[in-house]
Amino acid sequence: MKLIFEKSIPGRGQDIFPACDVPEKLPKKDMLRKAKVNLPEISENEMGRHYTALAKRAHGVNDGFYPLGSCTMKHNPRINEKMANLPGFAKLHPLQPAHTVQGANELITELEEFLCEITGMDGVTFSPAAGAHGEFTGLLLIKAYHHDRGEAERNEILVPDAAHGTNPASATMAGYKSVTIKSNENGTVDLDDLKAHLGPKTAGLMLTNPNTVGLFDPNIMEITRLVHEAGGLCYYDGANLNAVIGIVRPADIGFDVIHMNLHKTFSTPHGGGGPGSGPCAYKDFLAPFAPGLTCKDGKEYKRAEKSIGNMTGFYGNFLVNVKAYTYLLTIGKDVATLAQNAVLNANYMQEKLKDIYPIAFDTTCMHEFVIGLDPIYRKTHVSALDVAKALLDYGIHPPTIYFPLIVHEALMIEPTETETKETLDEAIQAFREIYDKIFSAPESVQQAPQTTPVLRLDDTKAAREPHLRYKFD
Amino acid sequence: MGTFIPNTKEEQLKMLKEIGYKDFDDLFKVIPDAAKVKGELKLPEGLSEIEVDRKVQGLANKNVVFRSIFRGAGAYNHYVPSAVDAIANKEEFLTAYTPYQAEISQGILQSIFEYQTMIAEITGMDIANASLYDGASAAAEACWMCKDRKHSTIYVSGAIDERILEVIKTYSFGRENKVEIIPAKDGVTDKDALKKALEADDEAACFLMQYPNFFGVVEDAEELCKITQGAGAKFIMYCQPLALGLLKNPGEIGADIAVGEGQPLGLGLEFGGPYLGFLSTKEENMRMIPGRLIGETVDTRGERGFVLTIQAREQHIRREKASSNVCSNEAWCALRAGIYLSTIGPKGFEDAAKLCSSKAHYMAEELDKIGMKLCFKGEFWNEFATTCPDADKLLKALEDKGILGGLKFSCCGCDDAKEDCILWCCTELNTKEDIDEVIAVAKEVF
């Protein structure tokens, strides 16, 4: 379809701004722009249709099943949106006097209490704007802690090979060397390899539990104990918290600091790739280093005594936090029901597919499971990518593919708790039909999708001959 | 009591049995007992939608929504056209995620490609990324882009918003590079100090200035650019995007990187977030850019399509060697900015900037008449600093009338240290009547 620039006609447009009611006064002439700026000139009707056409070429949770592993694409309740759009929140200037934003502060304080109770931690900073930003924050807290104790030589962060890519990337941003820890044959942390890498340089360990193959590490208490004994701290990547919310509290199993993805576990919409919110919760001994300004007494904004500074200009993604708060008010103390149904749905799908698809680690999974298509790929040359594309023709958003890296030809499936048995059954049926086609008509899978607005796109061309913008004549 | 889980208890039990588990305890026995929560969490009872609505509205009502706003300082009260909310709230946009599967994500991908083009256009740069968290974090990422083996010191103007500086410093604590401040003199960067500092430092990576700066002054960016690039460092401009409707843009000035807070482009005040960090640069820096990039390509039939591209920079491919850890960014806010810029068009882009400028100048003149003098001589666009005999008193009097006055701040540029200083901001939403009302209140107070 056409780009909005290709629909632009000189002289068209929309009248938004009034005539000026004071004399026109501009900065002096030599400061003014001479360059032409190409922006669309388009009527409201045409613009509306343009974006409606784009919306039709997008797929959200509301359009259909979206089992994108590690992303927790659960339903986004409407009430969350309504509450975040209330003028009493949406129209607040971040630098209003503290006494005029008491409701906002009360909300954040209460949300902090909820999240502390859920994680077992003692405090929360809402300064980080997304999950990876929360990871970076947590690592800076660990760094500040070690520096404060005169142990700046601790410069290594241990990261399992199954970890999200953001973990090692965050470690680098925090100035750490990331040291990879192997997974064992069960898909969880190899204790011997962990022990071999712990030492006086260990600043901490980053772990997501359940991990990215969907398994709860049975040695978790041992792992966190070993890291602490070596003088390191334990960071919990909360991307997979939905699997254990209300059932396991990260602080109780030895973690010192955690980030949560409010856009995953706490139901705020993903927005096509943000905004999320990645609050970081910590134990008391890390509180002096917390970033951002908080207003706990309702009078003035304060920074923690040895604060690392701030992660965002103001207080993080406040309106996203309003949505998560609204969600928690709705669910209340029954948060464990989220984990229960999420884990049930994942196991149900796993069980119904494991007779034909190779499951990477065939045991009870948590909120997600991983198919390792490698044996089938070797026989048929039908890849994980092909299966993913074939699902598109069934109106299903494909799972996460080629991740985690420790499973070859991985398809990582996370149904979430808000899907019905019927939806799961339909998806299972789709997977089974695709399986049959892999053997009966492999080329039809390799050439999928056929029903989408565009067919398979040339990624190599995009990267080799980059066109990152529309070029005007 | 509230739930979004569709399965009934009976269905759940049936599903459990079907896959070989007695109940949920049986399903969760893979978790060691020692790791499990003992007893119940201390959370309130869940609520019905009506109860939730009532409780959250109650909190919203405890906040004060000002009917007239003259405060900026990093968050600007611009008009959000009706189309922005109507379009952005389409659920296909709202409830999708990062467009990993291009074939069913063309709508998201194309909208970001259009956004990238618009940001490149308004800043006058070659290319832009898909968005970053907010202006301050985008500034920190831009500084990092300039670092190489030999150049690691980040220079920042003392005339920038300290909130931006704070985030740059925080990122630098992680990445372990030095941040040096070039002092401000008379409300602008001290050019001589900048020249001296850069010439004396072989490791200077970049210099970042704000445009207009924190005090509202439009600095001589061309001269600062010349000094910076002359010393072999990269020049970064942190811009108020709507100011570029009038002011020379970073491309005309010759900047290496433009960043800024995209909040004025169709986002509300939102108590500070979610906002939108934008970043654009010259083509030669393409592979240093942090965050997502959308590129054009073709499908197997040769039809145009869009994909996430140049991903070899990113965390999911490069892990510890990635240019940044950015995963989720602010795609939906970028969508809003794209709709906003399409709505106002090239004419509106200029008109908005003119309105802001004219109203600010009118207000400054009126304040001057009652003795509240401009703190700095430099040219300004929509923000300016004035003296005030007693800022707290004036701001309180305005607040009582539902007006959020300017921001009281400590300014070192005024001759009379006994006076307070206020940073005022006007946008297209402030009418002459609103401005006159502020003046009238000030006359009553003093």
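Owing to the predicted nature of the structure, the values given are computational and were not obtained by experimental measurement. (Residues numbered from 1 in each chain as written. Chains lettered and ligands numbered in written order. Predicted model: local features only at pLDDT ≥ 70, side-chain atom pairs only at ≥ 80, totals over all residues. Heavy atoms only, no water.)

**Observations regarding the domain arrangement of chain B**
A common way to report how large an interface is uses the accessible area buried once the components associate. Residue and element names in this part refer to chain B. Split by domain assignment, chain B resolves into domain 1 (9-41), domain 2 (68-76 + 351-445) and domain 3 (82-341). Computed over C-alpha atoms, the centres of domain 2 and domain 3 are 29 Å apart. Both sides of the domain 2 and domain 3 interface together cover about 1700 Å² of buried area, and 70% of this is carbon and sulfur. A per-residue breakdown of the area domain 2 buries against domain 3 is headed by Tyr76, Phe376 and Trp381, which together make up 38% of the total. Remark: the boundary between domain 2 and domain 3 carries zero salt bridges. (Domains from an automatic or database assignment. Buried area = accessible area lost by both parts, 1.4 Å probe. Salt bridge = Lys/Arg side-chain N within 4 Å of Asp/Glu carboxyl O.)

**Considering the sheet that holds strand 1 (residues 123-125) of chain A**
Residues and elements named next belong to chain A. Spatially, the seven strands line up as an open sheet ordered 1-7-6-5-4-2-3, and their pairing is mixed. The open sheet has two edge strands, strand 1 and strand 3 (177-181), and neither has a second partner. Strand-to-strand twist across the sheet, computed as the mean angle between neighbouring axes with direction ignored, equals 25°. Two elements, strand 4 (residues 202-207) and strand 5 (residues 233-238), share four bridges in a ladder whose sense is parallel. Note on strand 5: the bridge partner recorded for Leu205 is Cys234. Lying over the sheet, helix 4 (residues 102-119) contacts strand 1, strand 6 (257-260) and strand 7 (280-282), oriented at roughly 120° with respect to strand 1. Running at roughly 170° to strand 5, helix 5 (residues 131-148) makes contact with strand 1, strand 2 (156-160), strand 4, strand 5, strand 6 and strand 7 of the sheet. (Pairing = 2+ DSSP bridges. Helix = DSSP H or I, 4+ residues; strand = E, 2+ residues; numbered from the N terminus. Axes fitted to C-alpha atoms, helices over the stretch in contact; angles between N-to-C directions. Contact = heavy atoms within 4.5 Å.)

**What to know about the sheet that holds strand 13 (residues 383-388) of chain B**
What links the strands of a sheet is backbone hydrogen bonding, and the strands pair in either a parallel or an antiparallel sense. All names here are of chain B. The antiparallel open sheet is built from three strands, whose spatial order is 13-16-15. With one partner strand each, in any of the chains shown, strand 13 and strand 15 (407-409) form the two edges of the open sheet. Across this sheet, the average inter-strand angle for adjacent strands is 35°, counted without regard to direction. As judged from the three bridges shared by strand 15 and strand 16 (residues 420-425), these two strands associate in the antiparallel manner. Residue pairing across strands places Leu407 opposite Leu423, the latter belonging to strand 16. Its contacts with the sheet place helix 13 (residues 331-369) against strand 13 and strand 16, and it is angled at close to 10° to strand 13. Running over the sheet, helix 14 (residues 391-400) touches strand 13, strand 15 and strand 16 and is turned about 40° from strand 16.

**What to know about the environment of Thr343(B)**
Residues and elements named next belong to chain B. Inspection of the secondary structure puts Thr343 in helix 13. By relative accessible area, which is 1% here, Thr343 ends up buried. Each C-alpha atom of the pair Thr343 and Val84 lies 8.2 Å from the other, and the pair is 259 residues apart in sequence. Reaching out from Thr343, the side chain makes a polar contact with the backbone oxygen of Ile339 at a distance of 2.7 Å. (Buried < 20%, exposed > 50% of the residue type's maximum accessible area, 1.4 Å probe, protein only. Polar contact = N/O pair within 3.5 Å; in protein donor to acceptor, adjacent residues only side chain to side chain.)

**Some details on the nonpolar core**
Ranked by size, the top nonpolar core spans 142 residues in total, and within it Phe89(A), Leu194(A), Phe266(A), Met349(A) and Tyr357(A) carry the most contacts. Looking at which element gives the most residues to this core, the answer is helix 9 (residues 318-331) of chain A, with ten residues. Every residue in contact with Met349(A), bar those within four places of it in the chain, is listed here: Phe65(A), Phe369(A), Ile413(A), Pro415(A), Leu424(A), Ala427(A), Ile428(A) and Phe431(A). Formed by 91 residues, the second largest nonpolar core is a distinct cluster that contains Met73(A), Leu457(A), Leu94(B) and Phe278(B). (Core = buried A, V, L, I, M, F, W, Y, C linked by side-chain atoms within 4.5 Å.)

**As for the interface of chain A and chain B**
Each partner contributes to the interface: chain A provides 199 residues, whereas chain B provides 181 residues. Each partner contributes to the roughly 16600 Å² buried at the junction of chain A and chain B, and carbon and sulfur atoms together form 64% of this total. For the interface between chain A and chain B, the tally reads 14 salt bridges. The partner of Arg78(A) in a salt bridge is Glu91(B), and the shortest N-O contact between them spans 2.9 Å.

**A look at the packing of aromatic side chains**
According to the stated counting rule, one finds 25 aromatic pairs over all chains in the structure shown. With a centroid separation of 6.3 Å and an interplanar angle of 25°, the aromatic rings of Phe207(B) and Phe235(B) are classed as stacked. You can see Phe207(B) sitting in strand 7 (residues 204-211) and its partner Phe235(B) sitting in strand 8 (residues 234-239), a full 28 residues away along the chain. Here Phe235(B) falls in the buried class, since its relative accessible area comes to 0%. Between Lys143(A) and the ring centre of Phe173(B), over which it is positioned, the NZ or CZ distance is 5.2 Å. Across from the ring centre of Trp332(B), 5.9 Å away, lies the NZ or CZ of Lys323(A), which sits over that ring. (Phe/Tyr/Trp six-rings, centres within 6.5 Å; stacked < 30°, edge-to-face > 60°. Lys NZ or Arg CZ within 6 Å of the ring centre and 35° of its normal.)

**Details of the packing of helix 13 of chain B against helix 15 (residues 432-445) of chain B**
Describing two packed helices takes the angle between their axes plus the distance from one axis to the other. Residues and elements named next belong to chain B. In the contact formed by helix 13 and helix 15, the axes pass within 10 Å of each other and the chain directions differ by 25°. Between helix 13 and helix 15, the angle is such that the two are roughly parallel. Pair helix 13 / helix 15 crosses with right-handed handedness. In this structure, helix 13 uses Lys359, Tyr362, Met363, Glu366 and Leu367 to contact helix 15, whose residues at the interface are Lys432, Ile435, Asp436, Val438 and Ile439. For the contact of helix 13 with helix 15, the residue count by class is six nonpolar, no polar and four charged. (Parallel < 35°, antiparallel > 145°, perpendicular 65-115°, else oblique. Left-handed = near helix turned anticlockwise from the far one by under 90°. Nonpolar A, V, L, I, M, F, W, Y, C, P; charged D, E, K, R; others polar.)

**Overview of the domain arrangement of chain A**
All names here are of chain A. The domains assigned to chain A are domain 1 (4-63), domain 2 (80-333) and domain 3 (336-459). Between domain 2 and domain 3, the C-alpha centre-to-centre distance is 30 Å. In this complex, domain 2 contributes 25 residues to the contact, which on the side of domain 3 involves 21 residues. In this assembly, domain 2 packs against domain 3 so that about 1700 Å² is buried in total across both faces, 68% of it on carbon and sulfur atoms. Summed over the shared surface of domain 2 and domain 3, the number is zero salt bridges.

**Comments concerning the pattern of salt bridges**
Taken as a whole and assessed by the stated rule, the structure comprises 52 salt bridges over all chains. With a closest N to O distance of 2.6 Å, Glu176(B) and Lys143(A) form a salt bridge. Taken together, the residues span two chains, with Glu176(B) in the loop between helix 8 (162-175) and strand 4 (179-182) and Lys143(A) in helix 5. Judged by its relative accessible area of 2%, Lys143(A) is buried. Asp355(A) is the partner of Arg432(A) in a salt bridge, and the nearest nitrogen-oxygen pair spans 2.7 Å. Of this pair, Arg432(A) sits in helix 13 (residues 421-440) while Asp355(A) sits in the loop between helix 10 (336-353) and strand 10 (369-372), placing them 77 residues apart in sequence. Residues joined in a network through salt bridges with shared partners are Glu117(A), Arg249(A) and Asp252(A).

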